[in-house]
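So the chains spell out like this:
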Amino acid sequence: MGILARAAGFALAAVLAASAAATGSAAANDDAVIKFGLPQDFTAVYTFVTSEYNQGQRDYLALVNGRGGIGGATFQALVLDHGNQPQRGIEAYERLKQQGALTIDALSTPVSRALVPRAMADHLNLLTTFSGRSDAADGSTFPYVIPMSPMYWSQAAAVVSYMNTATEGGLKGRKLAYVYIDSPFGREPLPVLNALAEENSFELGTFPYASPGSEQSAVWTQVRRFQPDWTIIWGAGVGQTVALREAVRNGIPRDRLATGVWLSESDAEIVGREQTKGVLKFEAVASGREPKIIADILSEVVAKGKGAGPEAKVGTAYYNMGVGMMAMMVEGARLALEADPTLPLTAERLNIGIRSITDFNAEGLLPPTTLTREDHQGGGAGRMAAWDGTRWVAKTDWFSAHQDLVWKMVRAESEKYRQTGE
Amino acid sequence: MDMAFAGELALNGALVGLFYALVGLGIVLIYKASGVANLSQGALAMVGGYVAWALATDAGLPAWLAIPLVLVVMFGLGVVLERVVLRRMAGEAPIMIIMVTLGIEIMLRGVVPGIWGADVKRLDLGIGQDPIFLGPMLINTAYLVGGVVSLVLIGLSVLFFGTLHGIVLRAVSDDQIAAWSVGIRVEHAIALAWGISGVTAASAGILWGSVQGVDWTLSLFLVKGLAVAILGGLDSVPGLLVAGLLVGIAESLVAGLLDPVVGGGTRDIVAAVIILLTVLIRPYGLFGRIHIERV
């Protein structure tokens, strides 16, 4: 019965997901419904990352819709699975465009990269939150590609900055191991790490593993013998949990092991909550149930049985990232409708709204974030957090690091895009 | 070369190779019984991992009860697949039957994560995470336990072929028509092979699932299992053992020694190269009977 119920639930979810967040909107005027396209990877590599992130996105829309929406409009999430495959991502993009989506949030670096030319040509907002190409931070080159979050170069720079501060005498002469999934996502931070290694005079050892990363023993043998002072792991899904487990097995000190945003309670659960105690991550969105928006979702959405997924996942790192990013999108819509209340809202007007978000922190969930026509990253701030066995505990205040270097690289890469289109 | 480094790579690689051999065992058993290469063995390993998770974690059964139950369920699934799908294909060209097994693989990869969720699931068998050191060489405890279990199961399979059922299977393997003519129930023998394959696949899925977590990627074992089965000889159980060790050690050494030179990604090429070279140079593998042909 349990299995049948799950099977039925899965089938129903596939059918209903597209309208799950459109509380009461079925009969509403279509012009008054702002549609956000969420083609994401539910089945291949990022699985539980996506399910929690997407759950947070839909729950936030349910919260806003439950309060009557914004400026006479309600919101609808259009959810599709692209399985982390660029071709399927392109098909999903085209379908969602036909359905009137004003934004596309693919949550996948390979899919986002494949969608950039289309989004730019179609003037459809491609939201590359925590994923995609880092040079998209340059809004003057990529007006319709909007990370709205610290991209990988900023995350890596902040992690290295923290390690520099936390090491007596700094990183000079020390060894830093970078263990990463051998994909565009894993390779993304390499330029900034190489530049920082040169600038700070530390030795950078790079250790790629093949996707999806189910077996990494040979890699970690090399890492252990490299005897790093600090280790950065960079993956998601299976690759990330296997990396963490192998790091523990190989005696890498957990308080000298850090990663970007893709590590959560679920990862720690799989590896072992106690075994992963002390591991560090870059946190771009506060986790836990304390932030006001999360508390509001619990009381106004989940408690009324309108949650998009299991209550246990509310407040996890990935869930809160979904909430935070959706809060930014809704804020962009609010600003757009404030400037011009005419419905339907268009992708171009939403674009202007998102790119004028100023000092927005989603009631304490996010670092204060300002997007401009030039800066699509929003400042690149986050904080370091450590796993204490049950939750992520902030180790620093919100901060951004090496933004001069990051922006130098952003401009150089975006210039290449302008020249070559790649 | 740093011998301790190479030794550690080889030792852990050999243990991982035994996992591969466990998947290859199912392929060999079915080939021996029916002359068909079973391409659904990776998905069966994945199903075994999922069922183990469902019983041990979702239903909360203790591991000592959950694991035998999984093996029984997977034996049953193997038999059902043979009875419902494969038996209908009797008399069809081997390539059609192989395609059907590939269809089963693809279907299970989609349906099972659909039922239980595609996210990675923790499967805790209580194997400690602390490594064992042999001098300067680190041995992964989970790999060691899995390797020993694999070795035992492969050994039991070798012994099985000395039992009455095993002799029946060998007779069917040698000549199905002759086996029929002397009253052997060939269908039952083939069903038995599928049942045992379900068990060996489940063992691999459970053991590896406890290492990496349970999700669809367990089904990727198929390529490794195929490489081992083809290299060992599709009809040789002892060959599996040698081939498993060779494939595992080769993968680990190549990844450990070449990745830093070429920038990574060599591990998964090894199995593909082994399959290619074996089929081109010695299609009957290291220990297979020479009548095996390229399909």
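Worth saying up front: this structure is predicted, and the values here are computed from it rather than measured.

Another aspect to go through is the overall build of chain A. Scanning chain A from terminus to terminus reveals 14 helices and 12 strands. For chain A, the C-alpha radius of gyration of 21 Å lies close to 22 Å, the compact-globule estimate for 422 residues. With respect to the three principal axes, the spread of C-alpha positions in chain A is 65 × 55 × 40 Å. Classification of the 422 residues of chain A by burial places 63% in the buried group.

Turning to the sheet that holds strand E9 (residues 257–259) of chain A, a few remarks are in order. Residue and element names in this part refer to chain A. Ordered by their spatial adjacency, seven strands build an open sheet running E7-E6-E8-E9-E10-E11-E12, and the pairing between neighbours is mixed. Looking at which strands have only one partner, the edges of the open sheet turn out to be strand E7 (203–209) and strand E12 (392–394). The sheet shows a mean angle of 30 degrees between the axes of neighbouring strands, taken without regard to direction. With seven bridges joining them, strand E6 (residues 175–181) and E7 adopt parallel strand pairing. Pairing of lysine 175 across the sheet is with glutamate 203, part of E7. Each of E6, E7 and strand E8 (230–234) is contacted by helix H7 (residues 190–200), which is oriented at about 160 degrees to E7, the strand it contacts most. Docked against the sheet, helix H9 (residues 238–249) engages E7, E8 and E9, running at close to 155 degrees with respect to E8.

Turning next to the UniProt feature "transmembrane region" (unreviewed entry) in chain B. Residue and element names in this part refer to chain B. The UniProt record marks residues 12–31, 62–81, 93–116, 143–168, 189–210 and 269–287 with the feature "transmembrane region" (unreviewed entry), using the residue numbering of this structure. Secondary structure across residues 62–81 divides into 95% helix and 0% strand, with the first and last C-alpha atoms of the span separated by 28 Å. Helix makes up 68% of residues 269–287 and strand 0%. Its end C-alpha atoms lie 23 Å apart.

Another point: the side chain of aspartate 259 of chain B. With respect to the helices and strands, the residue aspartate 259 of chain B is situated in helix H10 (residues 237–262). Arginine 267 of chain B provides the closest opposite charge to the buried, salt-bridge-free aspartate 259 of chain B, at an N-O distance of 6.5 Å. Aside from chain neighbours lying at most four places away, what touches aspartate 259 of chain B is Pro208 of chain A together with Val254, Gly264, Gly265 and Thr266 of chain B.

When pLDDT is averaged along chain A, the result is 91, and 93% of the positions lie at 70 or above. pLDDT under 50 marks residues 1–28 of chain A. Its contacts with residues more than four places away, or in other chains, come to 30 contacts.

Here the focus is empty space enclosed by the protein. Residue and element names in this part refer to chain A. On inspection of all chains with the given rule, the structure shows five cavities of 30 Å³ or more. Approximately 90 Å³ is the volume found for the largest cavity. Around the largest cavity sit 16 residues that line it, and Met148, Ser149, Pro150, Pro367 and Thr369 are the ones nearest its centre. Of the residues contributing to the lining of the largest cavity, the split by class is 11 nonpolar, five polar and no charged.

By the definition in use, this model includes 19 aromatic pairs over all chains. Residues phenylalanine 36 of chain A and phenylalanine 75 of chain A carry aromatic rings whose centres are separated by 5.5 Å and whose planes lie at 25 degrees to one another, so their mutual orientation is stacked. A residue pair is termed long-range when its members are at least 10 positions apart, and phenylalanine 36 of chain A in strand E1 (residues 33–40) and phenylalanine 75 of chain A in strand E2 (residues 74–81) qualify at 39 residues. The burial state of phenylalanine 36 of chain A is the same as that of phenylalanine 75 of chain A; both residues are buried. Pairing tyrosine 50 of chain B with tryptophan 116 of chain B gives two aromatic rings, centres 6.0 Å apart and planes at 15 degrees, and the pair type is stacked. With tyrosine 50 of chain B in helix H2 (residues 41–58) and tryptophan 116 of chain B in helix H4 (residues 94–116), this pair connects stretches of sequence that are 66 residues apart. When its relative accessible area of 12% is taken as the criterion, tryptophan 116 of chain B is described as buried. Pairwise contacts between aromatic rings join Tyr46, Tyr152, Tyr178, Tyr180, Phe185 and Trp234 of chain A into one cluster. Here the guanidinium or amino end of lysine 281 of chain A rests over the ring plane of tryptophan 392 of chain A, the centre of that ring lying 4.9 Å away.

Counting 144 residues, the largest nonpolar core has Tyr60, Val192 and Trp262 of chain A as the members making the most contacts within it. Here the element with the most residues in this core is helix H12 (residues 317–339) of chain A; it accounts for 15 residues. With residues near it in sequence (within four places) discarded, tyrosine 60 of chain A still touches Ile293, Ile297, Val323, Met326, Ala327 and Val330 of chain A. If you look at the next biggest cluster of nonpolar residues, it comprises 85 residues, including Leu123, Ala229, Val270 and Ala271 of chain B.

The subject of this paragraph is unusual backbone geometry. Residue and element names in this part refer to chain A. Cis geometry is adopted by the peptide bond preceding proline 212, which originates at serine 211 and carries an omega value of 5 degrees. Its location among the elements puts proline 212 in the loop between E7 and helix H8 (217–226). Note that the residue after leucine 343, namely proline 344, is joined by a cis bond; omega there is 5 degrees. Within the secondary structure layout, proline 344 lies in the loop between H12 and helix H13 (347–354).

Our focus in this paragraph is the pattern of salt bridges. All told, the structure shown has 36 salt bridges over all chains when counted by the stated rule. Across the pair aspartate 81 of chain A and arginine 88 of chain A runs a salt bridge, and its minimum N-O distance is 3.2 Å. Residue arginine 88 of chain A is classed as partly exposed on the basis of its relative accessible area of 31%. Between glutamate 215 of chain A and arginine 267 of chain B there is a salt bridge, and its shortest N-O distance comes to 2.6 Å. Remark: arginine 267 of chain B occurs in helix H11 (residues 267–281) and glutamate 215 of chain A occurs in the loop between E7 and H8; the pair is interchain, linking two chains. Its relative accessible area of 8% is what places arginine 267 of chain B among the buried residues. Bridged by salt links that share partners, the residues Arg67, Lys292, Asp296, Glu300 and Glu363 of chain A form one connected network.

Next up on the list: the environment of tryptophan 64 of chain B. All names here are of chain B. Within the secondary structure, tryptophan 64 is located in helix H3 (residues 63–86). With relative accessibility at 68%, the residue tryptophan 64 sits in the exposed group. Taking the C-alpha atoms as reference points, tryptophan 64 and glycine 213, separated by 149 residues in sequence, lie 19 Å from one another.

Here the focus is the interface of chain B and chain A. Opposite the 43 residues of chain B that make contact, chain A presents 36 residues. Contact between chain B and chain A buries roughly 3300 Å² in total, counting both sides, with carbon and sulfur atoms accounting for 53%. It is Val120, Arg122 and Gln129 of chain B that lose the most area in chain B upon contact with chain A, and together they represent 20% of the buried surface on that side. Taken together, the links from chain B to chain A amount to four salt bridges. One can count 16 residue pairs in polar contact (both at pLDDT 80 or more) joining chain B with chain A.

A few words now on the packing of helix H2 (residues 47–66) of chain A against H12 of chain A. Residues and elements named next belong to chain A. Running from N to C, H2 and H12 point in directions that differ by 45 degrees, and their axes come no closer than 7 Å. Between H2 and H12, the crossing angle belongs to the class labelled oblique. The way H2 lies across H12 gives a crossing that is right-handed. Contacts from Phe48, Val49, Glu52, Tyr53, Gln55, Gly56, Gln57, Asp59, Tyr60, Leu61 and Val64 in H2 reach Tyr318, Tyr319, Met321, Gly322, Val323, Met325, Met326, Ala327 and Val330 in H12.

Thresholds applied
The written sequence of each chain sets the order in which its residues are numbered from 1. Following the order in which they are written, the chains are lettered starting with A and the ligands numbered starting with 1. The predicted nature of this model means local features are confined to residues of pLDDT at least 70 and side-chain atom pairs, given and counted, to a pLDDT of 80 or more, with totals for whole chains, interfaces and linings taken over all residues. Computation of side-chain values covers all heavy atoms of the structure but excludes hydrogens and water. In this description a helix means any DSSP run of H or I spanning at least four residues, a strand means any run of E spanning at least two, and both kinds are numbered starting from the N terminus. For the radius of gyration, the atom set is restricted to C-alpha positions; the globular benchmark scales as 2.2 Å times the number of residues to the power 0.38. Burial here depends on accessible area, computed with a 1.4 Å probe over protein chains only, as a share of the maximum for the residue type. Under 20% is buried, over 50% is exposed, and the range in between is partly exposed. Note on pairing: two strands pair once DSSP finds at least 2 bridges between them. Note on method: axes are straight lines fitted to C-alpha atoms, helices fitted across the in-contact stretch only, with angles between N-to-C directions ranging 0 to 180 degrees. Every residue pair with non-hydrogen atoms within 4.5 Å of one another is taken to be in contact. UniProt positions are given in the numbering used here, feature names are shortened, and annotations may be inferred rather than shown by experiment. Charge counting treats Lys and Arg as positive and Asp and Glu as negative, with His and both chain ends excluded. Counted as salt bridges are all cases of a side-chain nitrogen of Lys or Arg within 4 Å of a carboxyl oxygen of Asp or Glu. What pLDDT reports is the predictor's confidence in each residue, on a scale of 0 through 100. Every definition here rests on a 1 Å grid over the protein atoms only: cavities are sets of points where a 1.4 Å probe fits but cannot get out, pockets are open sets enclosed by protein on both sides within 12 Å along at least five of seven lines, and lining residues have some atom within 4 Å of a point. Grid points are joined across faces, edges and corners, and a volume is the space filled by probe spheres set on the points. In this classification, Asp, Glu, Lys and Arg are treated as charged, Ala, Val, Leu, Ile, Met, Phe, Trp, Tyr, Cys and Pro as nonpolar, and every other residue, Gly included, as polar. Whether two aromatic rings pair depends on their centres lying within 6.5 Å, for rings of Phe, Tyr and Trp, where Trp uses its six-membered ring; planes under 30 degrees apart make the pair stacked, over 60 edge-to-face, and the rest tilted. Put simply, a charge is over a ring when the Lys NZ or the Arg CZ is close to the ring centre, within 6 Å, and near the line of the ring normal, within 35 degrees. Note on terminology: a nonpolar core comprises buried Ala, Val, Leu, Ile, Met, Phe, Trp, Tyr and Cys residues joined through side-chain atoms within 4.5 Å. By definition, the buried area sums, over both parts, the 1.4 Å-probe accessible area that each loses when the two are put together. Between N or O atoms, a polar contact is any pair within 3.5 Å; within protein, one atom must be a potential hydrogen donor and the other a potential acceptor, and residues adjacent in sequence are included only when both atoms are from side chains. Working definition: roughly parallel below 35 degrees, roughly antiparallel above 145 degrees, roughly perpendicular at 65 to 115 degrees, and oblique for all remaining angles. Left-handed is the label given to a crossing in which the near helix is rotated counterclockwise from the far helix by less than a right angle, and right-handed is the label when the rotation is clockwise.

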